[in-house]
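Listed below, chain by chain, are the residues.
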Amino acid sequence: MSNKKTGKIIAVHSYKGGTGKTLLSVNLAATFAKQGKNVCLIDLDFRAPSLFSVLKAEDSNKWFNDYLNDGCDAPNALIDMSSKLPGSGKFSVGLANPSTEAMRDMSAKDRKWEMRALGRLLALRNSLLESGGFDYIVFDTSPGLQYSSINAIVASDLVIVATTGDRSDVDGTRRMLREMYDLFEKKTGLVVNKVLDAGSKTKQEEMDIKAKTVYQVPLLGLVPCFCDILRAEGDLIFVRDKPDHPFTKIMGEIAKKIDNSQVK
Amino acid sequence: MGKKPLQILEKIRENLERLNEKMEVIIEIQKHGRKDMLQPLADAPLDVMTLLSMPDHLRKTAMTLCRCGRATAEEVSEQTSRARAVESAYLNQLVIMGYLKKERDGRKAYFYADRESHE
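Cut-offs applied
Residues numbered from 1 in each chain as written. Chains lettered and ligands numbered in written order. Predicted model: local features only at pLDDT ≥ 70, side-chain atom pairs only at ≥ 80, totals over all residues. Heavy atoms only, no water. Axes fitted to C-alpha atoms, helices over the stretch in contact; angles between N-to-C directions. Helix = DSSP H or I, 4+ residues; strand = E, 2+ residues; numbered from the N terminus. Parallel < 35°, antiparallel > 145°, perpendicular 65-115°, else oblique. Left-handed = near helix turned anticlockwise from the far one by under 90°. Contact = heavy atoms within 4.5 Å. Nonpolar A, V, L, I, M, F, W, Y, C, P; charged D, E, K, R; others polar. 1 Å grid on protein atoms, 1.4 Å probe; cavity = no way out; pocket = protein on both sides within 12 Å on 5 of 7 lines; lining within 4 Å. Points joined across faces, edges and corners; volume = space filled by probe spheres on them. pLDDT = per-residue confidence, 0-100.

**What about the packing of helix α6 (residues 147–155) of chain A against helix α7 (residues 167–184) of chain A?**
Residues and elements named next belong to chain A.
- Between α6 and α7, the shortest axis-to-axis distance is 9 Å and the interhelical angle comes to 40°. One element, α6, and the other, α7, form an angle in the oblique class. The handedness of the crossing between α6 and α7 is right-handed. Where α6 approaches α7, its residues Ile150, Ile153 and Val154 are matched on the opposing element by Met180, Tyr181 and Phe184.
- For the contact of α6 with α7, a count of residues per class yields 6 nonpolar, no polar and no charged.

In structure tokens:
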């Protein structure tokens, strides 16, 4: 297993949509890169691709779909975007193709294809981490029980579950942790997003207890409900553009916790 | 000195292992009432939904093999910290269920998930 000091594969997942998976994935990857690490960020949400838009790569002709479809090697499915984070480590991205045709194609795959796709994702450990010099691979996934997301979870060393205080999300996330993650024996960390009064000590203690009792997984961080994030309308890589913002600080703390944790 | 008895013991162990594997196949076939079928179920894909629906003991073995790609029962047992004979039984069970393929290379039996075969 991945007990060598190579790199780590992190999947960012959630039960419901709109919990901030892409925001967390992009900013976590950017935080690692800012620390000088070589990072590869991959959009595995083939039903609703978003990285191409966040990273303003609409005219790309390289898509990660091609790698999963056996059309090319992993490095050839990635785009070097190190220039977007000057002075940082290597920052490469694998984009999900947003064309309707590609989305339709990806949603019509059979089980055999999904099995091969899992093999391709597992092979990234060798091609990108061991031979490619990357320190981290971050998968941005689609919510819930989707094939591509479960493949990502199985292929990863750590799963970050993004959740909110929404009642249906809390309940669904709890069940998903028990009925899926536990079965795969995955190392998991929780990030609670859009938290009101996140700065108060009582709120932090309350969430810590909730993580332990309700979700039974370690809490990686609490992200307050920031109007600045809404105001940015997804147009910023926050940790790059707002280095002094509290969100950037929180992402730094989450990255530190991940960096210090031992991979089984 | 002493080498010959060791070789004999090793040979006995190998034969016992093969016998064990054959018995596992027979048990599995009887369990599923498939007395007429000695061939494994054809090409059941070992995808994540299948992994999710497996009993815990088999999932652990199957997931380990997914990560290794191709491995012997010995190699799987090193990862799962379970006995080699246990892993051998589970791997053979997965072969009978059609999720894995098995091939011999000399004295060793290798197991793998067939990702390349026909659609």
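**Topic: the layout of surface pockets**
Residue and element names in this part refer to chain A.
- Approximately 590 Å³ is the volume attributed to the second largest pocket.
- Lining the second largest pocket are 28 residues, and of these Gly20, Lys21, Thr22, Leu23 and Ile229 sit closest to its centre.
- In terms of residues, the lining of the second largest pocket owes the most to one element, helix α1 (residues 21–34), which gives 5 residues.

**Digging into empty space enclosed by the protein**
- This structure, assessed with the given rule, holds 2 cavities of 30 Å³ or more.
- Each pocket or cavity is described by its volume, and for the largest cavity that value is around 60 Å³.
- Along the wall of the largest cavity there are 12 residues; nearest its centre are Lys112 of chain A together with Ala44, Gly98, Tyr99 and Asp114 of chain B.
- Across the lining of the largest cavity, the residue classes tally to 7 nonpolar, 1 polar and 4 charged.
- The computed volume of the second largest cavity comes to approximately 40 Å³.
- Looking at the second largest cavity, the residues that line it are Val12, Leu24, Leu28, Ile160, Val191, Met251 and Ile254 of chain A.

**Structural notes on the confidence of the model for chain B**
Residues and elements named next belong to chain B.
- Overall, the predicted model of chain B reaches an average pLDDT of 84, with 85% of residues at or above 70.
- At the level of individual helices and strands, chain B shows its lowest average pLDDT in helix α1 (residues 3–31), which scores 82, and its highest in helix α4 (residues 73–80), which scores 95.
- Scored as a complex, the prediction yields pTM 0.86 and ipTM 0.79.

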